Structures are given as C-alpha cells and as structure tokens.
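Breakdown of the fold
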Amino acid sequence: MNTSFLLRRLGYGLLLMLGVVVLNFLLIRLAPGDPALVIAGEMGGATQEMLDSIREEYGLNKPLAVQLLLYIGNVLQGDLGESFFFNQPVSSLIAQRVLPTILLVITAQVLSIVIGVVLGVLAARKPNGVMSAFVSVFATIGYAVPVFWTGIMLVILFASIFPIFPVEGMQSVKLRDASGLVKALDILHHLVLPAFTLAVIYLAQYARLSRASMLEVLGSDYIRTARAKGASPRSVLFKHALRNAALPILTVAGLQFGNLISGALLVETVFNWPGMGRLAFESILRRDYPTIMGVLFFASGMVVVANILTDMSYRLADPRLRGKG
C-alpha cells in the first residue's frame with residue numbers, strides 16, 4: 001500500500017472534517033429557535049433574567065464568529081462541548097450510543113451486500129429467466145419504498161400478526177443483566193428487524209448493480225477464453241467474473257455508507273434503537289446544539305474513515321491500481 005496515498009487521503013479527510021464543523025455550526029445556529037427558551041422551559045420558568053443567565057452560561061450571548069472560533073478550538077482539543085439538555089459531555093453521550101449504531105449500520109451493510117450480490121449473480125446467470133425478472137422488480141420496489149414505511153410495516157407484521165421478533169429496544173428488560181451468549185443472542189434477536197429494514201433499499205441497489213456488472217463481465221473476452229480452456233461454469237462465475245464485477249459494488253458500498261448512517265436515524269426512531277440516530281432526533285427536538293453538532297461531527301468522521309477504507313480495499317482488489325499515486 002502506497003504510504004503517500006494514505007497520507008493524502010487522511011489530509012483530505014481532515015480538511016473535509018473542518019469544513020463539516022464550520023458548515024454544521026453555521027446551519028444549526030442560523031436555524032430558527034432559541035435553546036435558552038427550551039432549557040428554561042425544562043426548568044419550569046422563562047423569566048428574562050433566567051434567559052440572560054442561561055445565554056451567558058452557555059456562551060450564546062457572544063457574537064456568532066466568536067462562538068465558531070471557540071467551538072473549533074475546543075474540537076481540535078477533543079472537546080465537543082456539554083449537552084444543554086442532558087448536562088453531560090457530548091463525547092460521553094456519543095460513546096454510550098455509538099456501538100449500537102455501528103452494530104446496526106455494519107449489520108445492514110453486510111446483509112445488503114451479501115444478499116444483493118447473491119441475487120445479482122443468480123440473475124446474471126440467466127438474463128432472461130425468472131430470477132432476473134424477480135431481481136429487477138424487487139430492486140425497483142425496494143428502491144422506491146421509504147425506509148420508515150418498511151419499518152412500520154415490519155412492526156405491524158411482526159408485532160400484531162406474527163409476534164416473532166421484538167420491535168423495540170436493543171435488549172429485553174429481563175435479560176438486561178445477562179452476560180455472554182445469552183445477552184448476545186438477545187441483542188441479535190432485537191437486531192433482526194432494524195437491520196433488515198435499513199438493508200432493504202440498499203440490498204435492492206446492490207442486486208441490480210451486481211446483475212448489470214456481472215452481465216458486462218460475462219461478455220468479456222477473457223471470460224470466453226476461460227470457457228474455451230475448459231474452466232467449469234462455477235469457476236468462470238466465481239473465480240474469474242465475480243472478482244472483477246465486485247469492483248463497482250465496492251465503490252458504491254463506500255459511497256452508500258453515509259446514506260446508511262443517515263437512514264439509521266429513521267430506523268432507530270421507529271424501533272427505539274438506542275443509537276446516535278435516536279440521540280440526534282431527541283437533540284433536534286430540544287434544540288440541543290452541542291449534541292447535534294457532536295453527532296454530526298462523529299457521523300462525518302465515520303463516513304470519511306469508511307471512504308478511506310474503501311479506497312484502500314479498491315486498490316487491494318484491483319492490481320492495476322497498486323503502487324499508483
């Protein structure tokens with residue numbers, strides 16, 4: 001792996017994160033609403049003296065440019081501020097919620113890629129067959145249906161009609177103090193519906209993309225050469241064709257990671273999943289600026305890291321890119 005390539009990607013990522021911090025700060029502070037009123041309302045009163053005291057305590061009475069510079073300086077020191085509503089450091093709140101979100105997003109990503117690629121490969125084997133038509137129809141429907149609608153339908157189906165999976169939370173109350181395999185199985189049981197809901201729309205995209213990519217690769221000259229040399233159909237399909245057809249899928253997977261994180265907000269709200277998306281939703285309702293900006297900053301960092309890993313994976317998968325700047 002080229003070290004200069006990795007350093008350049010890290011440099012671009014840091015510049016991007018700085019831009020994200022500035023843009024998020026300005027957009028959130030320019031949005032309508034006064035967090036001092038929300039905080040005072042939670043305290044049971046909203047006199048002018050109390051509002052002035054709250055604004056001074058949280059630095060809301062300072063000019064916007066001063067607030068921005070102070071915030072950037074704190075972020076560079078690893079300080080994301082303190083939550084207006086939860087009265088805790090934002091970094092601590094994110095640390096409590098980040099693992100559930102990562103578990104949900106990664107599970108959905110793996111499900112969508114594996115199932116989507118399998119469907120696409122099966123469809124590409126017989127382009128005019130029933131499976132190919134099914135994948136095309138499924139991809140169209142899956143891409144068109146909103147993720148929150150899918151979640152609500154699954155809640156109705158598996159809570160009212162077939163009560164098979166839990167539809168709320170990450171753990172059962174009675175197993176909250178359990179450990180080891182029992183706790184892991186309980187979390188996986190709760191994870192099924194949220195992960196599948198988040199994966200459906202991207203599963204459809206990967207199925208359609210892998211089908212198109214496999215059809216293009218299967219028509220290449222080197223595939224005909226492999227068949228002429230007597231390679232088995234399984235070897236041609238998985239050893240020669242799939243590896244090259246997977247390159248576009250790898251690229252799209254990295255680009256879609258950010259969409260998965262944003263989609264997790266809706267899924268976590270529907271299923272009351274205790275992740276960063278739920279935290280962001282609660283913070284938006286309460287005008288909790290530091291928490292909102294902290295969640296957006298951390299989510300942006302996850303996307304940047306995912307894109308860097310995608311670039312590295314792409315260079316490892318494609319020998320033509322190794323050693324190139």
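Residues numbered from 1 in each chain as written. Predicted model: local features only at pLDDT ≥ 70, side-chain atom pairs only at ≥ 80, totals over all residues. Heavy atoms only, no water.

Some details on the nonpolar core
Inclusion rule: What we call a nonpolar core is a set of buried Ala, Val, Leu, Ile, Met, Phe, Trp, Tyr and Cys residues that are connected through their side-chain atoms within 4.5 Å. Categorising residues by exposure relies on relative accessible area from a 1.4 Å probe, with only protein chains included: less than 20% of the type maximum marks a residue as buried, more than 50% marks it as exposed, and the intermediate range marks it as partly exposed. Put simply, DSSP marks the helices as runs of H or I at least four residues long and the strands as runs of E at least two long, and each gets a number from the N terminus on.
By size, the foremost hydrophobic cluster in this structure holds 66 residues, and its most contacted members are Y71, I94, L104, L198, M214 and L218. In terms of residue count, the dominant contributor to this core is helix 8 (residues 181-218) (12 residues). Residues A123, V135, L203 and A207 belong to the second largest nonpolar core, which totals 5 residues.

What to know about the confidence of the model for the chain
For clarity, the threshold we go by: The predictor attaches a confidence to each residue, called pLDDT, with possible values from 0 through 100.
Mean pLDDT over the chain works out to 80, with 93% of the residues at or above the 70 mark. Here helix 2 (residues 35-43) stands out as the least confident element of the chain, with mean pLDDT 69; helix 5 (residues 90-125) is the most confident, with 88.

A word on the environment of I152
One can find I152 in helix 7 (residues 147-161). On the basis of relative accessible area, I152 is assigned to the partly exposed category, the value being 38%. I152 sits 65 residues away from N87 along the chain, and the two C-alpha atoms are 33 Å apart.

Remarks on the packing of aromatic side chains
Quick reminder of the rule: Side-chain rings of Phe, Tyr and Trp, where Trp is taken by its six-membered ring, are said to pair if the distance between their centres is within 6.5 Å; with planes under 30 degrees apart they count as stacked, over 60 as edge-to-face, and otherwise as tilted.
Per the counting criterion, the structure on display carries 2 aromatic pairs. On the numbers, 5.6 Å between centres and 65° between planes, the contact of F158 with F165 is edge-to-face. Residue classification places F165 among the partly exposed positions, given a relative accessible area of 24%.

Remarks on the packing of helix 5 against helix 8
To characterise two packed helices, one gives the angle between the axes of the helices and the distance between these axes. Note the cut-off: Between N-to-C directions, angles cover 0 to 180 degrees, with each direction set by a line fitted to C-alpha atoms, over the stretch in contact for helices. In this scheme the handedness of a crossing depends on how the near helix is turned from the far one: anticlockwise by less than a right angle means left-handed, clockwise means right-handed. When residues are sorted by character, Ala, Val, Leu, Ile, Met, Phe, Trp, Tyr, Cys and Pro go into the nonpolar class, Asp, Glu, Lys and Arg into the charged class, and all the rest, Gly among them, into the polar class.
Running from N to C, helix 5 and helix 8 cross one another at 35°; their axes reach a closest spacing of 4 Å. Between helix 5 and helix 8 the crossing geometry is right-handed. Per-class residue counts for the contact of helix 5 with helix 8 are 26 nonpolar, 6 polar and 1 charged.

A closer look at the side chain of S132
Tracing the chain through its elements places S132 in helix 6 (residues 130-144). Under the relative-accessibility criterion, S132 is labelled buried at 2%.

Some details on the environment of V98
Note the threshold: Any two residues having at least one pair of non-hydrogen atoms within 4.5 Å are treated as being in contact.
Note that V98 resides in helix 5. V98 sits in the buried class, given a relative accessible area of 10%. C-alpha of V98 to C-alpha of A299: the two residues are 201 residues apart in sequence and 9.4 Å apart in space. Setting aside its immediate chain neighbours within four residues, V98 contacts M276 and F298.

Overview of unusual backbone geometry
Positive phi values are uncommon outside glycine, yet N87 reaches one of about 55°. As for its placement among the helices and strands, N87 is situated in the loop between helix 4 (64-76) and helix 5. Positioned with a positive phi, N272 is a non-glycine residue whose angle comes to about 50°.

A word on helix 4
To keep things clear, this is the line we draw: Any helix carries an expected span of 1.5 Å times its number of residues minus one.
For helix 4, with 13 residues, the first-to-last C-alpha span of 18 Å sits near the 18 Å given by 1.5 Å per residue. Phi turns positive, to about 85°, at G78, one or two residues after helix 4.

Some thoughts on helix 6
Here is the rule we go by: Directions drawn from the helix axis to the C-beta atoms are what define this arc.
Compared with an ideal rise of 1.5 Å per residue, which puts 15 residues at 21 Å, helix 6 spans 21 Å between its outermost C-alpha atoms and is within 8% of the ideal. Buried within helix 6 are the following residues: S132, V135, A139 and G142. Buried residues in helix 6, looked at end-on, bunch into an arc of 100°, giving them a common side. Exposed positions of helix 6 whose direction lies more than 90 degrees from the buried face are V130 and A144.

Digging into the packing of helix 1 (residues 3-30) against helix 4
Keep this limit in mind: Angle categories are assigned with fixed cut-offs, so that under 35 degrees is roughly parallel, over 145 is roughly antiparallel, 65 to 115 is roughly perpendicular, and the rest are oblique.
Their axes nearest at 11 Å, the elements helix 1 and helix 4 cross at an angle of 140°. As far as their axial angle goes, helix 4 and helix 1 are oblique. The crossing of helix 1 and helix 4 is right-handed. Where helix 1 abuts helix 4, its residues L18, V21, V22, F25, L26, R29 and L30 lie against L64, Q67, L68, Y71 and I72. Residues that form the contact of helix 1 with helix 4 fall into these classes: 10 nonpolar, 1 polar and 1 charged.

Concerning a nonpolar patch on the surface
Definition in use: Each patch is assembled from residues with relative accessible area greater than 30% and no salt bridge, linking like charges that lie within 9 Å and nonpolar side chains (Val, Leu, Ile, Met, Phe, Trp, Tyr) that lie within 5 Å. Here, Shrake-Rupley sampling with a 1.4 Å probe gives the accessible areas, and only protein chains in the shown set may cover a residue. Whenever Lys or Arg places a side-chain nitrogen within 4 Å of a carboxyl oxygen from Asp or Glu, that contact is recorded as a salt bridge.
Taken together, the side chains of F148, W149, I152, M153, I156, L157, I161, F162, I164 and L266 make up a nonpolar region of the molecular surface, amounting to roughly 890 Å² of accessible area. When residues in the nonpolar patch are grouped by element, the largest group, 7 residues, is from helix 7. Among the structural elements, I164 can be located in the loop between helix 7 and helix 8. For I164, a relative accessible area of 48% translates into the label partly exposed.

Some thoughts on the environment of L70
As for its placement among the helices and strands, L70 is situated in helix 4. On a C-alpha basis, the gap between L70 and N272 in space is 34 Å, while along the polypeptide they are 202 residues apart.

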